[in-house]
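# Structural description and commentary
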Amino acid sequence: TRRNPLEIPPPSERDWPREDEEENFFLQDPEWARDALPQPYRMAGKLVMLVFDNAMEIIERREAFREAQKQKVRPIKCFPTAEFQVTGTANCLAVSGKYIFVGLPVGLAAFRMLDCKQVGAWDAVNTEVCAICSSDLGNERHILLAVDEMGLAWLFCFHKESFLLVKILNEVEDISKRSTCVEVVLSPGGDYAGVLLQGNSEIWLEVYRLPKDSWLKETEKSPGAAAGPASKERRSSWTSVVQISSTQLCAIFSNTLLPTVDVKLSLPLLLLKVKPPKPVTGTIFKNPLDALKKGNDGSMLGLGYNHLIKDSQWEQHEAIFRSTYREYLEVEGENESKDEVPRRATFHFLLPSWVLQMTPEIKVQPDVPAGISVHWDGNYNLCFYLFNRPLKEKVDADLKPDVVWPCAAPIACSAVSSCSRYLAVACEDATITIWDKHLGYPLSVTAILEERLIRSINFL
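As the structure is a prediction and not an experimental result, all values here were calculated from the model.

Next up on the list: the overall build of the protein chain. Across its full length, the protein chain carries 10 helices and 20 strands. The proportion of buried residues among the 460 residues of the protein chain is 35%. Partitioning the contacts of the protein chain with sequence separation of at least 6, the portion at a separation of at least 24 is 51%. Accessible surface computed for the protein chain: about 30500 Å², of which carbon and sulfur atoms make up 55%.

Considered for burial, the residues of helix α4 (residues 212-221) that qualify are Trp215, Leu216 and Thr219. Buried residues of α4, seen end-on, are gathered within an arc of 105° and therefore sit on one face of the element. Residues of α4 that are exposed and point more than 90 degrees away from the buried face comprise Asp213, Lys217 and Lys221.

Per-residue confidence for the protein chain gives a mean pLDDT of 77; residues scoring 70 or more make up 70%. Looking over the protein chain, one finds the lowest element-wise mean pLDDT in helix α7 (residues 246-260), namely 34, and the highest in strand β10 (residues 192-198), namely 93. Low pLDDT, under 50, characterises residues 225-261; the stretch is placed with 36 contacts to residues that sit more than four places away or in other chains.

In spatial order, the strands read β9-β10-β11-β12; together these 4 strands make up an open sheet with antiparallel pairing. The open sheet has two edge strands, β9 (180-186) and β12 (269-274), and neither has a second partner. Strand-to-strand twist across the sheet, computed as the mean angle between neighbouring axes with direction ignored, equals 20°.

What follows covers the nonpolar core. Grouped together as the largest cluster of nonpolar side chains are 23 residues, with contacts concentrated most on Leu145, Leu155, Val184, Val195, Leu210 and Trp215. Among the secondary structure elements, those contributing two or more residues to this core are β5 (129-138), β6 (141-148), β7 (153-159), β8 (162-168), β9, β10 and β11 (203-209). One finds Tyr192, Val374, Cys383 and Leu399 within the second-largest nonpolar core, a separate group that totals 20 residues.

Two pairing modes exist for strands in a sheet, parallel and antiparallel, and in both the strands are linked by backbone hydrogen bonds. The strand order β5-β6-β7-β8 describes an open sheet built from 4 strands, whose pairing is antiparallel. Since the sheet does not close on itself, it has two edges, and those belong to β5 and β8, each with one partner. Direction aside, the axes of adjacent strands within the sheet are offset by 25° on average. As paired elements, β6 and β7 share 7 bridges and run antiparallel to each other. Note on β7: the bridge partner recorded for Val147 is Ala153.

The subject of this paragraph is a nonpolar patch on the surface. Among the surface-exposed residues, Met49, Phe52, Met56 and Ile59 lie close enough to one another that they form a single nonpolar patch of about 390 Å² accessible area. Note on placement: Met56 falls in helix α3 (residues 39-71). Given the relative accessible area of 34%, Met56 is considered partly exposed.

A positive phi angle, close to 55°, is found at Asn126, a residue other than glycine. Inspection of the secondary structure assignment puts Asn126 in the loop between β4 (118-122) and β5.

Turning our eyes to something else, we now look at the pairing of strand β18 (residues 422-427). Here β18 lies mainly inside the structure; 5 of its 6 residues are buried. Bridge analysis of strand β17 (residues 411-416) against β18 gives 5 bridges, and the strand direction is antiparallel. Bridge pairing in β18 links Cys413 to Ala426. Counted along the chain from β17 to the antiparallel partner β18, the turn is 5 residues long, and its residue Ser420 has a positive phi close to 65°. As judged from the 5 bridges shared by β18 and strand β19 (residues 431-436), these two strands associate in the antiparallel manner. Across the sheet, the residue bridging to Tyr422 is Asp436, located in β19. Counting the residues in the hairpin turn of β18 and β19 gives 3 residues, including Ala430, whose phi is positive at 65°.

This brings us to the packing of aromatic side chains. A ring pair, where both rings are aromatic, is described by two values, the distance of the centres and the angle of the planes. Counted according to the given criterion, the structure contains 15 aromatic pairs. Residues Phe101 and Phe163 carry aromatic rings whose centres are separated by 6.1 Å and whose planes lie at 70° to one another, so their mutual orientation is edge-to-face. Highlighted residues: Phe101 in strand β2 (residues 99-104) and Phe163 in strand β8, separated in sequence by 62 residues. Overall, Phe163 belongs to the buried group, its relative accessible area being 7%. Summarising the aromatic geometry, the rings of Phe349 and Phe387 are spaced 6.1 Å apart at their centres and angled 50° between planes, so their arrangement reads as tilted.

Next up on the list: the pattern of salt bridges. Per the stated rule, a full pass over the model turns up 8 salt bridges. Note that Arg66 is salt-bridged to Glu63, the shortest N-O span being 3.5 Å. Placement of both Arg66 and Glu63 in helix α3 is noted, with a separation of 3 residues, approximately one turn of the helix. Since its relative accessible area comes to 39%, Glu63 is described here as partly exposed. Between Arg141 and Glu220 there is a salt bridge; the shortest N-O distance is 3.9 Å. Within this pair, whereas Arg141 is found in strand β6, its partner Glu220 is found in helix α4, the two being separated by 79 residues in sequence.

Bringing the pairing of strand β14 (residues 371-376) into the picture now. In terms of residue burial, β14 counts as a mostly covered element, since 6 of its 6 residues are buried. Bridging between strand β13 (residues 345-350) and β14 involves 6 bridges; their strand directions are antiparallel. Residue Thr346 lies in a different strand from β14, and its bridge partner there is His375. Sheet topology places β14 next to strand β15 (residues 381-386); 4 bridges connect them, and they run antiparallel. When the bridges of β15 are listed, Ser373 appears paired with Phe384.

Conventions used here
- Residues numbered from 1 in each chain as written.
- Predicted model: local features only at pLDDT ≥ 70, side-chain atom pairs only at ≥ 80, totals over all residues.
- Heavy atoms only, no water.
- Helix = DSSP H or I, 4+ residues; strand = E, 2+ residues; numbered from the N terminus.
- Buried < 20%, exposed > 50% of the residue type's maximum accessible area, 1.4 Å probe, protein only.
- Contact = heavy atoms within 4.5 Å.
- Areas by Shrake-Rupley, 256 points an atom, 1.4 Å probe, with all protein chains shown as cover.
- Arc of directions from axis to C-beta.
- pLDDT = per-residue confidence, 0-100.
- Pairing = 2+ DSSP bridges.
- Axes fitted to C-alpha atoms, helices over the stretch in contact; angles between N-to-C directions.
- Core = buried A, V, L, I, M, F, W, Y, C linked by side-chain atoms within 4.5 Å.
- Patch = residues over 30% accessible without salt bridge, like charges linked within 9 Å, V, L, I, M, F, W, Y side chains within 5 Å.
- Salt bridge = Lys/Arg side-chain N within 4 Å of Asp/Glu carboxyl O.
- Phe/Tyr/Trp six-rings, centres within 6.5 Å; stacked < 30°, edge-to-face > 60°.

What follows is the structure, encoded as structure tokens:
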């Protein structure tokens, strides 16, 4: 329907309709000819429609967001069911059985999980505990490994709500030879303990066999275990004094608690002392036959020691590398020493499997670790060590691994599943390999395309 009557357009361009007038030259709805509103009302109608359209778009976006949130799996919100107060700041926690062990600035404290009441404490030397790991031995006995602020590793046996000090693992008489504990790990079941120690210029791993069967017998025969209610009475009176004065606490602890727990327990046995692998140097062999003879004397393959590369070839290779990537090395500022000792090691206790094969005369228990896997920072090899070694071997001797898995890139991190069957190894080239230790072959290899650095890996 035409808005205006049909007429001949004027010959002059001045009288021609403008572009905005041409759009409204035809009426799409005949009723508009009678319902046309003046200009202010038409503008107000356009603004109202614009606001309405924008509001509908916002509503549609919010509805889509709500539907997407409904489809997501929401995490379960957990609220505390109980709480307990400690003296000072809680530095670390460890749970074993029905007890919660807390590392405090003045020592250790044990809380019962059911009622969150403190049942025992240890502050004989008034040292700050920074890390704890624990394991349940059964029959109300627990093993604790604690690391204090000075780097000392304390081994405890918790029995009858009392802390029994077994030994300080890295204690030495000469303070100049003192080492600092970097990490402590207890094997599942409490059969072995691994302690990573660092000295002035070296780092090493010590593995101890814990005589937990002897501890069970010794604690049963101890007079502190038979004290029973009397020791609990003294402990309850000590707890009431804690709220009054810290000086009275030390006096009552030294006079009442120590006589009830004066028990001498068997010391752990140092089983292995693993040191970082030595750097690969030039060969000392004159011909390939000498290298083959060296390989037949029990030297482990995979470490790269028995090769035929001379020192001059290593130096030539280093010179070519530095001349090719000179500008990159100058930018990064290569200040680290070539033969720098690694500062960290990752180790896991492993149950018996095809990878850790024992001799037929050795009886293997399926739930007791048979060996340990170790890899050092910046190293390409994953090394396995067996626990059942002949007694003739010296612990301080240069220990060689029983099995070596060379990798294509330096190993960044590793993890073992809770069943100890699967082993995950992540390298610095962003490659993750899952191994089945029972069968002895890899299940999958995954490479991250972005080649990002993997810092940690865990099984869920």
